[in-house]
Amino acid sequence: MARFEILHNPRCSKSREVLQRLHDAGEQPTVVEYLVTPPPRARLEEILRLLGTDDPRAIMRTGEPLYRELGLAAETDRERLLAALVAHPILIERPIVIRDDGRAVIGRPPSRVAELLASDR
């Protein structure tokens, strides 16, 4: 079983760089192309917990045009923000890397993946 999972968009240079960093470290992560296989709400909730936050905006691409089109900047309802992430996975920040020991990071900048590659907490 892979020690790492990456929510990956192959068209994103940062996502490709993080995946390469994992490979360079000898890891073969489970790659989830989240635009092809969007994570369900329960998985998004788990990712937020692993990131140490309850705020869906922590994993939202607030610069994405769709974010503005949907009026999400003014949205205060957590449930609606999560529903937007489920309905429109393009809004999910990338890459998100999850380690099997319960740690996770958003790979922006890509050097953040080093936090997960370290064997100690």
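Look up: the structure comes first, before these words.
Novice: I would appreciate a short explanation of the pattern of salt bridges in the present structure.
Specialist: Pairs can form between side chains of opposite charge once their charged atoms are near each other. Counting across every chain of the model gives 16 salt bridges. Here E45 makes a salt bridge to R78, at a shortest N to O gap of 2.6 Å. With E45 in helix 2 (residues 41-51) and R78 in helix 4 (residues 78-87), this pair connects stretches of sequence that are 33 residues apart. As a salt-bridge pair, D54 and R78 come within 2.9 Å of each other at their nearest N and O atoms. One end of the pair, D54, is in the loop between helix 2 and helix 3 (65-69); the other, R78, is in helix 4, with 24 residues separating them in the sequence. Connected through shared salt-bridge partners, R41, E45, D54, R78 and E79 make up one network.

Novice: How should the nonpolar core be read in this particular structure?
Specialist: Side chains that are nonpolar tend, in soluble globular proteins, to be buried together. Membership of the largest hydrophobic core comes to 21 residues, with the highest contact counts inside it found for I59, M60, L72, L85, L91, I96 and I98. Elements with a minimum of two residues in this core: helix 2, helix 3, helix 4, strand 3 (96-99) and strand 4 (103-106). Setting aside chain neighbours within four positions, we find M60 in contact with Y67, L72, L81, A84, L85, L91 and E93. Ranked by size, the runner-up nonpolar core spans 9 residues in total, among them I6, L19, V113 and L116.

Novice: Where do I start with the sheet that holds strand 2 (residues 30-33) in this structure?
Specialist: Sheet strands associate in pairs through backbone hydrogen bonding, adopting either a parallel or an antiparallel arrangement. One open sheet holds the 4 strands; their spatial order is 2-1-3-4, and the pairing between them is mixed. Of all strands in the sheet, those bounded by a partner on one side alone are strand 2 and strand 4. Taken pair by pair, the neighbouring strands of this sheet meet at an average axis angle of 15°, ignoring direction. Direction of pairing for strand 3 relative to strand 4: antiparallel, over a ladder of 4 bridges. The residue bridging V97 from the neighbouring strand is V105, located in strand 4. Helix-sheet contacts for helix 1 (residues 13-24) involve strand 1 (4-8), strand 2 and strand 3, and the interaxial angle to strand 1 is about 165°.

So, how was this worked out
Residues numbered from 1 in each chain as written. Predicted model: local features only at pLDDT ≥ 70, side-chain atom pairs only at ≥ 80, totals over all residues. Heavy atoms only, no water. Salt bridge = Lys/Arg side-chain N within 4 Å of Asp/Glu carboxyl O. Helix = DSSP H or I, 4+ residues; strand = E, 2+ residues; numbered from the N terminus. Core = buried A, V, L, I, M, F, W, Y, C linked by side-chain atoms within 4.5 Å. Buried < 20%, exposed > 50% of the residue type's maximum accessible area, 1.4 Å probe, protein only. Contact = heavy atoms within 4.5 Å. Pairing = 2+ DSSP bridges. Axes fitted to C-alpha atoms, helices over the stretch in contact; angles between N-to-C directions.

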